[in-house]
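# Coordinate analysis (summary)
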Amino acid sequence: MSNPVRLFKPKNVAVSHSVGLLILSTLSVQISAADTTKTMINRTQQPCLPSLIAPLQLPVQSFTKKSQPLAANLRDSKKHLEADQLSQPTPNRYLFTGNAKFTQPNLVVLSERMLFDQGLQQSEFQGHVELHQPEIVLTAEQVKLSEITQTATLNNAQYQILPSRMYGKAGQIQLNQQTETAQLDSATLTACKQQPNQSLTWQLKFKEVEINQQTEEVVASHTSLWIKDVPVLYTPYFAYSLADRASGFLFAELGSIKSVTQADHLQFIKIPYFFNIAPNMDNTLTVIPIDKRGLIFDNEFRYLDRTLSLKFDATTLQDQLTSKEGLSTVDSAGNITYDDKVSQRWGASVQANKNWGQGLTSTLLWHETSDENFYADIPVKSQFKTVTQIPRHLKLNYQKGSLQTYAQISSYLRLRNAPLNYEKRPEVGLRYRQQVDDFSFNIQSSVTDFVLPISSNTKPEALRFHLKPSVEYQLNQPYGSVKATLVGNQTLYQMRDDASNTTGASTHSLFVPQFALKGGLIFERPMQLFGQSYTQTLEPEVQYLYVPYQAQSNLPLFDTGNRSLAFSNLFALNRFSGSDRIGDANQLSTALTTRFLNPNGRQVADVGIGQIFYFDDRLVGLTDTAPKTAQTSDVFLKLGLNLGALSASSTLQFTQQTYNLLHANSRIKYRSPQYGTLLANHVLTNRDTASEKETLSIGGYTQVTQTWQLGAYLNYDLFNEQLYHGNLGIRYDACCWAIEFIAERTQLDNALYNDAFRVQFELKGLSTSEQAFKKILAKKLNF
């Protein structure tokens, strides 16, 4: 394993993680829960913190491996002893009584009585004894220290870890600096503030705990977790690592799922265990007992070094339900049809990025499953439960200077009701760019073998070669710019000679040149708006585009379609995406944009309007359709606003004759540290046509009160008045515990709904949950 580096973030461990907090500064241990402590302090205000077991005598700092051990402190030459009275019972013994205080750098010991034996090199503190170090405070009824054996014994002790203020008790604590061990008997640990009735929300109890710094391990026996006064979890033995990342159980998750193949809800619980293999390598095994189906094993392996990142997931299930009844389909009336019987079900994925050096890199993203219903039935990778296909690829890239080449295989994992899409098996491409003064020379080429995953008599297969050289001249000035572009498009097709070839020939050749001349000006003026100073720009743009007509209706369509709604498409050289169609053009594109800039030059708002004027009919279409004869395009309008916390953008398309709204894509986003985040996205396509669609996605997350957080997400079909997808998340944060509830509803392809829920419970100080609902919203709304 070459060049291992510590690059993974620690995974927070649940119950066993608490022992990592029980490290006394006498062993100079780096606490592995530093992230947990920081998180808890940030989330918890001062009233939530447990009380100090003794007034602090030293500034607080977190555990570090550089902390001075207690035995080493006692040997430090900078010592200071004081007390109300000093006596010498024997020549080698000194007795300090009344407010005895021993101080030296990073150590303060307070007691009512201290006896020091110079001959035996032993000290005994009696009465109310307090030991203060920057990272921990200890109190005891009696403390015995030996400089010869480098040991210490504390009886009836209390300890408190700083700055988290987690605390506990121990009948006895025995420290040995030579072996770098600590032994705690009848110990407890909690992060909860004591209630007026002396009760605690939760605490851990141990019969014995041994902490070994040399082996970086904690071993505890007869450990139990108590909620209030009720024991809820017990383990007779466990070992725990003191490394920065520790192996152990993560918080469990309860849930329910109703898949497209089931009429009933199935309950499950996820029990994950994290294996810390190395600083740059780990593994998480999750056991998922699920109602009726049996036991699911879900494993995630991660590896990372300076040249390679690797993630491998594997899930397996001996499905008791489908092995008896077979895979089922439920229609809108609730009728169940059983298909083939499948007992062993599995899913796997691998994601890897490798830098081979000298400009050579590779990426791999691949998915496989035992059957098309796997992700719909099994509560893993919830982002795939309603998709019909999953992209996958293997790609090799090489780049040196202006030259870039690649080779790739691109395909899809076909799931339930998957469309029949072309796969690239393989594709080889090259890109080259050279800048000479104001001229830019470019070459793009690709050779692609388009193959269908299953045979079809209606869609042909072919090997396509595409070459696209171009030259550009661009001149930029503060007041404007001009750009001339000349492009040549050469495309060759070698068709597969079978029944699917309906193009009329085994080979096709197409050459289409493109010429564009684009220019723009920038005018500026200062202005006052709402009492604020701004700079307003006025930016007209025009582009003349000429592309001669070449008949293309007999050519296949592999990766080509109409362009999506975007204001920038007014100036696209091709009205189609992909390489199978090069649209003929004799047109003038125009646009007028105004922007508002604040004194710092940041854009606050912008408005733009644009339209294309056609001098000839457009003859090339995706299919053999009638030419488009309109002399003007639809009118495009863009709006933008950026006020810091509030931002909005909208692109609108209006018909050229009646100026009715045809397409729209609008987005508004609000983010405030005080009030939370809100995002809404409205999409309208083909208004007042047979293919009209209108959807609204809205979601947000907010801190309702100091303890309650609320999040929601909704994706709604406004045209059909149907809910596509909805999430609701509620989180309650108490001082030392939290609970999160997530409910989800997803429309399935049989007009039924999948209703699911998840519950996560967190004991603060032991670990932190990932706040799953915030994670879900971030993915859905791209916060």
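Cut-offs and rules
Residues numbered from 1 in each chain as written. Predicted model: local features only at pLDDT ≥ 70, side-chain atom pairs only at ≥ 80, totals over all residues. Heavy atoms only, no water. Helix = DSSP H or I, 4+ residues; strand = E, 2+ residues; numbered from the N terminus. Buried < 20%, exposed > 50% of the residue type's maximum accessible area, 1.4 Å probe, protein only. Contact = heavy atoms within 4.5 Å. Areas by Shrake-Rupley, 256 points an atom, 1.4 Å probe, with all protein chains shown as cover. pLDDT = per-residue confidence, 0-100. Polar contact = N/O pair within 3.5 Å; in protein donor to acceptor, adjacent residues only side chain to side chain. Disulfide = S-S within 2.5 Å. Pairing = 2+ DSSP bridges. Phe/Tyr/Trp six-rings, centres within 6.5 Å; stacked < 30°, edge-to-face > 60°. Lys NZ or Arg CZ within 6 Å of the ring centre and 35° of its normal. Salt bridge = Lys/Arg side-chain N within 4 Å of Asp/Glu carboxyl O. Patch = residues over 30% accessible without salt bridge, like charges linked within 9 Å, V, L, I, M, F, W, Y side chains within 5 Å.

Below, the discussion takes up the overall build of the protein. Each helix and strand in the protein was counted, giving 5 helices and 44 strands. Looking at the 783 residues of the protein, the share that counts as buried comes to 44%. Long-range pairs, those at least 24 residues apart, make up 52% of the contacts in the protein between residues at least 6 apart in sequence. Of the accessible surface of the protein, which amounts to about 38600 Å², a share of 54% is contributed by carbon and sulfur atoms.

A word on the confidence of the model for the protein. Residues shown with low pLDDT carry predicted positions that ought not to be read at fine detail. On average, the protein scores 84 in pLDDT, and the residues at 70 or more come to 85%. Contacts from residues 1-45, a stretch scored under 50 in pLDDT, to residues over four places away or in other chains number 165 contacts.

Its place among the elements puts Arg 302 in strand E17 (residues 294-304). Relative accessible area serves as the criterion here: at 18%, Arg 302 is assigned to the buried category. A polar contact is formed between the side chain of Arg 302 and the side chain of Asp 282, at a distance of 2.8 Å.

Structurally, a disulfide amounts to a covalent bond that connects the sulfur atoms of two cysteines. In the structure shown here, the tally under the stated rule is 1 disulfide. Covalently, Cys 192 is tied to Cys 736 through a disulfide, its sulfur atoms 2.0 Å apart. Taking the sign of the torsion about the S-S bond as the criterion, the disulfide between Cys 192 and Cys 736, at about 95 degrees, is right-handed. Pair noted here: Cys 192 is in the loop between strand E9 (181-189) and strand E10 (202-212) and Cys 736 is in the loop between strand E42 (722-733) and strand E43 (737-747), with a separation of 544 residues, a long-range link. For the residue pair Cys 192 and Cys 736, the accessibility class agrees, reading buried in each case.

Right, let's get into the pairing of strand E16 (residues 281-290). Buried residues dominate E16, accounting for 7 of its 10 residues. Looking at chain direction, strand E15 (residues 266-278) and E16 are connected through 8 bridges and run antiparallel. For Asn 276, the partnering residue across the bridge sits in E16 and is Asp 282. Counting the residues between successive antiparallel strands, the hairpin from E15 to E16 contains 2 residues. Across 10 bridges, the pairing between E16 and E17 is antiparallel. When the bridges of E17 are listed, Val 287 appears paired with Phe 297.

Within the structure shown, the criterion is met by 13 aromatic pairs. Through a chain of ring-to-ring contacts, three or more aromatic side chains come together here, namely Tyr 422, Phe 450, Tyr 493 and Phe 558. For the cation-ring pair, Lys 354 lies above Trp 356, with the distance from its terminal atom to the ring centre recorded as 5.2 Å.

Here the focus is the pattern of salt bridges. Applying the stated criterion to the full structure yields 26 salt bridges. Here Glu 253 and Arg 758 are joined by a salt bridge, their closest N and O atoms 3.4 Å apart. Here Glu 253, found in strand E14 (residues 253-257), pairs with Arg 758, found in strand E44 (residues 753-763); they are 505 residues apart in sequence, far enough to count as distant. Overall, Glu 253 belongs to the buried group, its relative accessible area being 8%. Via salt bridges that share partners, Arg 293, Asp 319, Arg 345, Asp 371 and Asp 377 belong to a single interconnected network.

Here we take up a nonpolar patch on the surface. Among the surface-exposed residues, Val 704, Trp 708, Leu 710, Leu 728, Ile 730, Phe 741 and Phe 757 lie close enough to one another that they form a single nonpolar patch of about 570 Å² accessible area. Among the secondary structure elements, those contributing two or more residues to the nonpolar patch are strand E41 (708-717) and E42. With respect to the helices and strands, Trp 708 occurs in strand E41. Judged by its relative accessible area of 39%, Trp 708 falls in the partly exposed class.

Let us now look at the environment of Asn 299. In this fold, Asn 299 is placed in strand E17. As a C-alpha pair, Asn 299 and Val 287 span 12 residues in sequence and 8.7 Å in three-dimensional space. Each residue touching Asn 299, except ones within four places of it in the same chain, is listed here: Asn 283, Thr 284, Leu 285, Phe 312, Asp 313 and Ala 314. Side chain to side chain, Asn 299 and Asn 283 meet in a polar contact 2.7 Å long.

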